[in-house]
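# Survey of secondary and tertiary structure
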Amino acid sequence: MLDRRLLAGLAGGLWAATTASAATCTSDLLIDNFVKWTSGTNNLDWQNGDDGSMTSIAASAGQVVFVPKADGSSYFYESFPCVTAQTSGYGGLQFTIQGPAGASVSLELQTATNCNPDTTGMKSSYNIITDLTGRRQTVTMPLVGFDNDPNYDAIVGLAWSVFSQANTQWTIGNITLLCGSVAGGQPTSVAPAPTTASMSTRLFRVWRFDGMKMG
Ligand SMILES: *[C@@H]1O[C@H](CO)[C@@H](O)[C@H](O)[C@H]1NC(C)=O
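What you see is a predicted model, and the numbers here were worked out from it, not measured in a lab.

This part covers the overall build of the chain. The helix and strand tally for the chain stands at three helices and 12 strands. The 215 residues of the chain split such that 38% are buried. Considering only residue pairs separated by 6 or more positions, the chain has 81% of its internal contacts joining residues 24 or more positions apart.

Moving on, we come to the site of the ligand. The environment of the ligand is made up of Asn-33, Gly-62, Gln-63, Thr-96, Gly-173 and Asn-174. Of the residues belonging to the shell around the ligand, the class tally is no nonpolar, six polar and no charged.

If you look at the biggest cluster of nonpolar residues, it comprises 41 residues, and the most contacted ones within it are Phe-76, Cys-82, Val-83, Ile-155, Trp-160, Ile-172 and Leu-177. If you tally residues by element for this core, the top one is strand S5 (residues 75-83), at six residues.

With respect to the helices and strands, Val-156 occurs in strand S10 (residues 155-161). In this structure the C-alpha to C-alpha distance between Val-156 and Glu-78, which are 78 residues apart in sequence, comes to 8.6 Å.

Further remarks concern the pairing of strand S7 (residues 105-111). Counting buried positions along S7 yields seven of seven residues, so the element is predominantly enclosed. Examined bridge by bridge, S7 and strand S8 (residues 123-129) share seven bridges and lie antiparallel to one another. Within the sheet, the bridge partner assigned to Leu-107 lies in S8 and is Asn-127. Sheet topology places S7 next to S10; six bridges connect them, and they run antiparallel. Note that in S10 the partner of Glu-108 across the bridge is Ala-159.

Further remarks concern unusual backbone geometry. In this structure, the amide linkage connecting Asn-116 to the following residue, Pro-117, adopts the cis form with an omega of 5°. By the secondary structure assignment, Pro-117 is in the loop between S7 and S8. Residues other than glycine seldom take positive phi values, yet Asp-45 does so here, at roughly 65°. Relative to the elements of secondary structure, Asp-45 occurs in the loop between strand S1 (29-32) and strand S2 (48-49). C-beta crowding within 10 Å serves as the criterion here: with 14 such atoms nearby, Asp-45 is assigned to the partly exposed category. In the Ramachandran plot, Asn-167 falls in the positive-phi region, its phi being about 55° despite a non-glycine side chain. Here Asn-167 is to be found in the loop between S10 and strand S11 (170-179). Accessibility expressed as a C-beta count within 10 Å gives 10 for Asn-167, which makes it exposed.

Within the element layout of this structure, Trp-170 appears in strand S11. On a C-alpha basis, the gap between Trp-170 and Val-65 in space is 5.8 Å, while along the polypeptide they are 105 residues apart. Residues in contact with Trp-170, not counting those within four places in the same chain, are Phe-66, Pro-68, Gln-98, Gly-99 and Phe-163.

Attention now goes to the environment of Gly-52. With respect to the element layout, Gly-52 can be found in the loop between S2 and strand S3 (56-60). Under the C-beta neighbour-count criterion, Gly-52 is labelled exposed, with 10 such atoms within 10 Å. With 24 residues separating them in the primary sequence, Gly-52 and Phe-76 have C-alpha atoms 9.4 Å apart.

Criteria and thresholds
- Residues numbered from 1 in each chain as written.
- Predicted model: local features only at pLDDT ≥ 70, side-chain atom pairs only at ≥ 80, totals over all residues.
- Helix = DSSP H or I, 4+ residues; strand = E, 2+ residues; numbered from the N terminus.
- Buried ≥ 20, exposed ≤ 12 C-beta atoms within 10 Å, placed from the backbone.
- Contact = placed C-beta atoms within 7 Å.
- Near = placed C-beta within 6 Å.
- Nonpolar A, V, L, I, M, F, W, Y, C, P; charged D, E, K, R; others polar.
- Core = buried A, V, L, I, M, F, W, Y, C linked by C-beta atoms within 7 Å.
- Pairing = 2+ DSSP bridges.

Here you go:
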């Protein structure tokens, strides 16, 4: 499997070396509104996509529209230059999502040990987003409460997977890091990930070990 994340990570090291800044944020950081989908990147000019894991995927205004496979292998990811979210003042994450009423999905936060270099100590941390309404809704979550003790000062990617219903259309849109403090506690549609090691391990392999082997 082509490892887009690792390639992006290596490129990011170069980027970080020349332009890294931990200045306090003054506005939200738009990761992806899918205007660059056809050129294969997000708004930060880094890789996004599904690596062919979906039955179908396409972008429309502000969002990506996809149909997960029934075998549970589908995921969608965003990679970007390592973000020192805590130091820079990004307090939360926001995106729109539409899935079947009552559905759930896992959100993976990918972090490194620190941003320089941003390719060591990679780990995956999870939150489960539950009880979707069946309509497009906005999920706003503070950067707290992900499992596996991530370093919120070294965020390198996001991935959505474990879609509870397959063979039906989902959307994810306007993926943004929010500047400033985001109300503590979890919104009602977001619950902390259960400590299901099996799920984490499986995802970790799909997303990370396969990739690292390619390096
Ligand atoms: C994305 O954000 C734009 C600008 O706020 C908004 O007009 C649009 O409805 C949003 N679309 C989605 C899919 O979230």
